[in-house]
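Geometric and topological summary
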Amino acid sequence: MVDNRLKKECRATKSKHFMTKGALYFWGSIIIAILLGSLMPLSFSPFGYGFLAPILLAFWLLLILPGSCKRAFWLSLLFGVSFFTVGVWWIRISLLEFGGAPLLLGVFLTLLLALYLGLYYALLGYFTLKTQLSLPFRLGILFPVVGVLFEFIRSQFLTGFPWLALGYTLTDYPLARWIFPEMGALMASFWVYWLAGLLTLLLLQIMAYRGKEPGNASQKKLKAYLPALFMAMMLILIIAGTSTLLSDKISPKGEPLKVALIQGNIAQELKFSEAQYYEILATYYQLTAQVAPNVDLIIWPETAIPALYEQEVTLGEALRKISQEERATVMTGIFSGQGSVIRNSVVAYSDQLRSRDQRYDKVHLVPFGEFLPFRSLLDLLSGMIEIPFSDLTAGREEQSPFLIHYEVDGVPAITQLSTFICYEAVFGDELRYLGKQSDFLVNVSNDAWFGDSIGPWQHFQITRARAIELQREMVRATNNGITALIDRRGEVKAILPQFEQGVLEVEVMPYEGTTTYSRVGDLSWLLLLWVVAGLGALFFRRELKR
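Rules of the game
- Residues numbered from 1 in each chain as written.
- Predicted model: local features only at pLDDT ≥ 70, side-chain atom pairs only at ≥ 80, totals over all residues.
- Heavy atoms only, no water.
- Core = buried A, V, L, I, M, F, W, Y, C linked by side-chain atoms within 4.5 Å.
- Buried < 20%, exposed > 50% of the residue type's maximum accessible area, 1.4 Å probe, protein only.
- Helix = DSSP H or I, 4+ residues; strand = E, 2+ residues; numbered from the N terminus.
- Domains from an automatic or database assignment.
- Contact = heavy atoms within 4.5 Å.
- Pairing = 2+ DSSP bridges.
- Axes fitted to C-alpha atoms, helices over the stretch in contact; angles between N-to-C directions.
- Parallel < 35°, antiparallel > 145°, perpendicular 65-115°, else oblique.
- Left-handed = near helix turned anticlockwise from the far one by under 90°.
- Nonpolar A, V, L, I, M, F, W, Y, C, P; charged D, E, K, R; others polar.
- UniProt positions renumbered as here; feature names shortened; annotations may be inferred.
- Expected span 1.5 Å × (residues − 1).
- Bend = angle between axes of the 7 residues up to and from the residue.

What follows concerns the nonpolar core. Counting residues in hydrophobic clusters, the biggest one holds 87 residues, and the most contacted among them are Leu57 and Trp60. Ranked by the residues each element gives to this core, the list is headed by helix 6 (residues 135–156), at 10 residues. For this core, the domains that each give at least three residues are domain 1 (19–209 + 221–248 + 523–545) and domain 2 (257–514). Among residues more than four places away in sequence, those in contact with Leu57 are Met40, Phe79, Tyr121, Leu166, Val192, Tyr193 and Ala196. Membership of the second largest hydrophobic core comes to 39 residues, among which are Val259, Phe402, Phe460 and Met474.

Within helix 7 (residues 175–183) the residues assigned to the buried category are Ala176, Ile179, Phe180, Pro181, Glu182 and Met183. A positive phi of about 90° marks Gly184, the residue just after helix 7.

Moving on: the sheet that holds strand 11 (residues 474–478). The pairing of strands in a sheet happens through backbone hydrogen bonds and is either parallel or antiparallel. In space, the 6 strands of this open sheet follow the order 8-9-10-11-12-13, with mixed pairing throughout. Either end of the sheet is taken by a strand with one partner, and the two such strands are strand 8 (402–408) and strand 13 (492–495). Across this sheet, the average inter-strand angle for adjacent strands is 25°, counted without regard to direction. Taken together, the 5 bridges between strand 9 (residues 411–421) and strand 10 (residues 440–445) define a ladder with parallel strand orientation. Paired with Leu417 across the strands is Phe440, a residue of strand 10. Set on the sheet, helix 15 (residues 455–470) makes contact with strand 9, strand 10, strand 11, strand 12 (484–486) and strand 13; between it and strand 11 the angle comes to about 155°.

This part is about the packing of helix 6 against helix 16 (residues 516–539). Remark: helix 6 packs on helix 16, axes separated minimally by 10 Å, with the N-to-C direction vectors making an angle of 160°. Overall, the two elements helix 6 and helix 16 adopt an arrangement that is roughly antiparallel. For the pair helix 6 and helix 16, the crossing hand works out as left-handed. Taken together, the residues of helix 16 that come into contact with helix 6 (itself represented by Phe137, Ile141, Leu142, Val145, Val146, Val148, Leu149 and Phe152) are Asp522, Leu523, Leu526, Leu529, Trp530, Ala533, Gly536 and Ala537. A per-class count over the contact of helix 6 with helix 16 returns 14 nonpolar, 1 polar and 1 charged.

Bringing the side chain of Arg154 into the picture now. Relative to the assigned elements, Arg154 resides in helix 6. Each residue touching Arg154, except ones within four places of it in the same chain, is listed here: Phe84, Leu117, Tyr120, Gly160, Phe161, Pro162, Trp163, Leu164 and Ala165.

A few words on the UniProt feature "transmembrane region" (unreviewed entry) in the protein chain. Sequence positions flagged by UniProt for "transmembrane region" (unreviewed entry) are, in local numbering, residues 21–40, 46–65, 72–91, 103–129, 141–165, 185–204, 225–246 and 523–540. Secondary structure content for residues 103–129 is 100% helix and 0% strand, and the end C-alpha separation is 39 Å. With 64% helix and 0% strand, the stretch residues 141–165 has end C-alpha atoms that lie 19 Å from each other.

The next thing to look at is helix 16. Taking 1.5 Å of rise per residue, 24 residues should cover 34 Å, yet helix 16 covers just 28 Å from first to last C-alpha, more than 12% shy of that figure. Approximately 65° is the largest bend angle found in helix 16, and it occurs at Asp522. The set of residues buried in helix 16 consists of Thr516, Tyr517, Ser518, Gly521, Asp522, Trp525, Leu526, Leu529, Val532, Ala533 and Gly536.

Quick look at the structure:
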């Protein structure tokens, strides 16, 4: 009797101890997954700790590897949702402060976006465990290739949202100056995933051989790295070949152009106020008058004029007069169109006739900001979110460059520039044609929608990546920051402080020559990555099974 009672008590104690350990393991894994994801935004601007990305990914892989596919899916979902919740939390500002959405609705929509984006990491984690292949092959080849595939799908599906793609974490490193002009920033995400897989293999081997190593340990260690090294060497050879065969020499073209970037610092809540309209115009006129005699080109930011180009006859006449008298072309963001067809545009005013004005219409609009997808399903939100000009029409996919006339020591000269507007900076593949037709780039934006958050700095980092990909200098004019001159290596040569009114005068060097990325784009590289992965499968076919 006593023995039976003792046995029952012993079993109960063991069961209670097991349940405690199981609960700690369960909740510990959840907390670690959330913590790792929450730290991922530190890899991007404004923090700039790009080296953290592969390290955090490696610890995420270590967390999900010793378990089931189901466990990997849910932990990876937590990792992804926490990553994007922290990374794009600034989106709620435009919904709450300027869209007038109720607090709960603004937070819900932001979390819903984070959930959607987090699903890509959930699927990546699930696929990494589900695939019945050797661990070195999975981590060294399949993990980075599938990771980039999901980045590409994210850039295309539902109009695309490739924000915080891992390739942008390389922007501040010298590697970007070699990789971006060849592969582009989105496809450069491969190298972050690849490094994370390699680091995971290293950590696993350190844990496996902490004690006394068997005789063949060194041979096993080497075999573990062979698939990853094979993938890297093949890609390096291909990049070297494409650089030689497909890219042109990038060299200066002509003389520098003197450019003035106007930062009006107009409060977002006043920007679309009819009562403030003429005061806004006066602000830009005064800043322009200060620099017009000294420069060749003056650039106002996105929608600096919250009116229609076709209706603002007086404004056009005034800007053409400046162009004629000061020989300085004025470009400004403005709406254009009539009736139900309204576009977000940039107009360069000629020094003579209205018919000679040049215009660019924004192509890739912001979903839920500049147009409403699934309009019939979203009528339930009518009246709950009111964002001005939120039903715009997109422009043509490829548009002609602006021709800018200027003088160098009294000698007439001409240069070609291309512009893109705000959110379009995120889509490198759509903008790569600009590298074939432009001597330098102009980006206009209005990040006042997102206040004093990390959003504008993430946007600025993405914009810098475009300059590296196309190997062109870029000027960026914004309403309240970040207004800057970016050279073709992505370095910031001059910048205005945020939330201050001012003018940035810079000299921009035109360049000629075409990069590999300008010619081939993302899809070609994605297919090439899978081809190399297939070759790796053939090469390591004996080691593919567990």
